Every structure is written in C-alpha cells, then in structure tokens.
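Working through the structure, step by step
Letter by letter, the chains look like this.
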Amino acid sequence: MAPRSPSLKVIRPARAAVRVADDADAQTTTRRIVDAVSAAIVERRLMPGTKLAEQRIADIFKVSRTVVRQALNQLSRDRLIVLEPGRGAFVRQPSAEEARQVFEARALVEAGLVKQLCAQLTEVQLARLRAHLADEAEAVARTDVPGRTRLLADFHVLLAQLLGNEVLAELMSDLLSRSSLVSLMMQSAHSAEESHAEHVAIVEALSRRDARAAARLMSGHLGSVERNLRLHPRSGDLAAALQPAPPPKKKRA
C-alpha cells in the first residue's frame, strides 16, 4: 500500500482551522446584531410592531442573510421579536395583560431584591450605586433620551449584580427588556426625572439599611413607571435605530 501523502496532514487541519475561524466570526457578528437590536428595543429606538427586514439588516451590518437569520432566531428565543411565516420578523407587541403581568413580576422580584441587598450592601457597593445615580442625573439633565433610558434600566440590573447573583441579574435584564416592549411608548422627560428621583430615594433607604422602606419605595417606583408611560408610536429608519448612541462627552477637569 502506498504511503499517505504527508501534505494531507497539513491541509486538513488548516481547512478545519479556517472553518473554526469562520464560525467564530459568524458567531461574533450574530451577537453584534442581537446586541444592536436588543439595545434599540430597550432604548425605544425600535418600537413594537417595527418590521425587521433581513436584507436591510444584512446591508447595514455587511453580512449574509444567513447570519441575520441566526440573529433573528436568537431574538425570537429571547421573546423580543416574533417570526411570522411569509411575513418576516417584527418587534413584539405585547398585550395590556402581559404588560400588567410583567410589572407585577418586577414588583415581586425587586421588593425582595432590595430587602436582601440591605442586609449585605458594602460601602464600596453603595459608592458604585451613587456613581450610577450621578450618571443618570447627567443624562436626564442633557435630555439624552437613549442614554437616560439605558441608565434608568441598568439601575435595576445593577442592584441584582451587587447581590452577586448572575441568574437574578439575567432575569432582571429579561424583565427590563420586556418592560420596554410592553410600554409601547417613549418616556417623557418629566417621568425620567421622576424615575431618577425615586432611584435616589431607594439608594438612600439602602444606605440606612432600612429594608422595609427600600421595598416600599421600589414598589411605589415601579407603579409610578407603569403609570407614567404614554402611547407614543414612532417609525424611524431601521439603519438609524440600530446605530448605538454616541458615548457621552467627558467633563473637562
């Protein structure tokens, strides 16, 4: 029997390495599309009912429709969009009943969250919360709508992260994404200021280690957020919506 060509031993691993690299690139691009669409939904740049055209997204990200399809499938599994046979992908439009259930779930989870956090919050963690509040105040003051929306939502995820419970932090991220969907509206400047003030009050209760007050303030805050949302449909350009907000300018020393 003739010996195998030694070149095959080099070519096959090389081809396998190329395939692995291609797969990694595709996964990275898929994640980039998922993150961009998710952020656009959370920051209310993409409103419920918006059609997500595969070819348009492929053109925006300069990728194949296959990669876009993978991203849309992931977003569908995350319940942020719906895939309708023969029609395509759309940002979900939850019902009023789902909206009520989402805020009810948040109230149950977050009241318990702040109670537990009161018992273990460190001074370093408290300083981190206050730094976040300062960022919120700055975004609200300069009417940075995408920035303030993201920061006001991130406050709740940060509370979960400070407990060191990644499962809870992921659950909060999911509930906040669904809150943005069920709102079906843009937050007004007034309600953003109100939300920030309520966050400040919650942190002050946490600093006093007053678990009862923290839970009461959190429940009141979520009820206030739900009431302050107003219907405000928008139909912006898909490319503009998927562009991340520019980073805030650094203050001069």
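Residues numbered from 1 in each chain as written. Predicted model: local features only at pLDDT ≥ 70, side-chain atom pairs only at ≥ 80, totals over all residues. Heavy atoms only, no water.

1. A few points about the overall build of the chain
For clarity, the threshold we go by: Every helix listed is a DSSP run of H or I at least four residues long, and every strand listed is a run of E at least two residues long, numbered separately from the N terminus. A 1.4 Å probe rolled over the protein chains alone gives each residue an accessible area, and that area as a share of the maximum for its type sets the label: buried under 20%, exposed over 50%, partly exposed in between. Any pair of residues with heavy atoms lying within 4.5 Å of one another is described as a contacting pair.
In terms of regular secondary structure, the chain is built from 10 helices and five strands. Going through the 253 residues of the chain one by one, you find that 43% of them count as buried. Partitioning the intrachain contacts of the chain with sequence separation of at least 6 by distance along the chain shows that 76% fall at a separation of at least 24.

2. What about the sheet that holds strand 1 (residues 51–52)?
Note the threshold: Between any two strands, pairing holds if DSSP finds at least two bridges. An axis is simply a line fitted to the C-alpha atoms; with a helix, the fit covers only the stretch in contact. Between two such axes, the angle follows the N-to-C directions and lies from 0 to 180 degrees.
Here three strands make up an open sheet; going across it, the order is 1-3-2 and the pairing antiparallel. A single partner strand is all that each edge strand has here, and the edge strands are strand 1 and strand 2 (81–84). Pairing analysis gives two bridges linking strand 1 to strand 3 (residues 88–91), with the strands arranged antiparallel. Its bridge partner being in strand 3, K51 is matched across the sheet by F90. Helix-sheet contacts for helix 3 (residues 65–77) involve strand 1, strand 2 and strand 3, and the interaxial angle to strand 2 is about 120 degrees.

3. Here we look at the confidence of the model for the chain
Rule in force here: The pLDDT value tells you how sure the predictor is about a given residue, anywhere from 0 up to 100.
Summarising the model, the chain shows a mean pLDDT of 81, and 77% of its residues fall at 70 or more. Per-residue pLDDT stays below 50 along residues 230–235; that stretch engages in 11 contacts with residues further than four places along the chain or on separate chains.

4. Quick look at the pairing of strand 3
Pairing of strand 2 with strand 3 involves four bridges; the strand directions are antiparallel. Bridge pairing in strand 3 places E84 opposite G88. The hairpin formed by strand 2 and strand 3 contains three residues between the paired strands, and G86 there has a positive phi angle of roughly 80 degrees.

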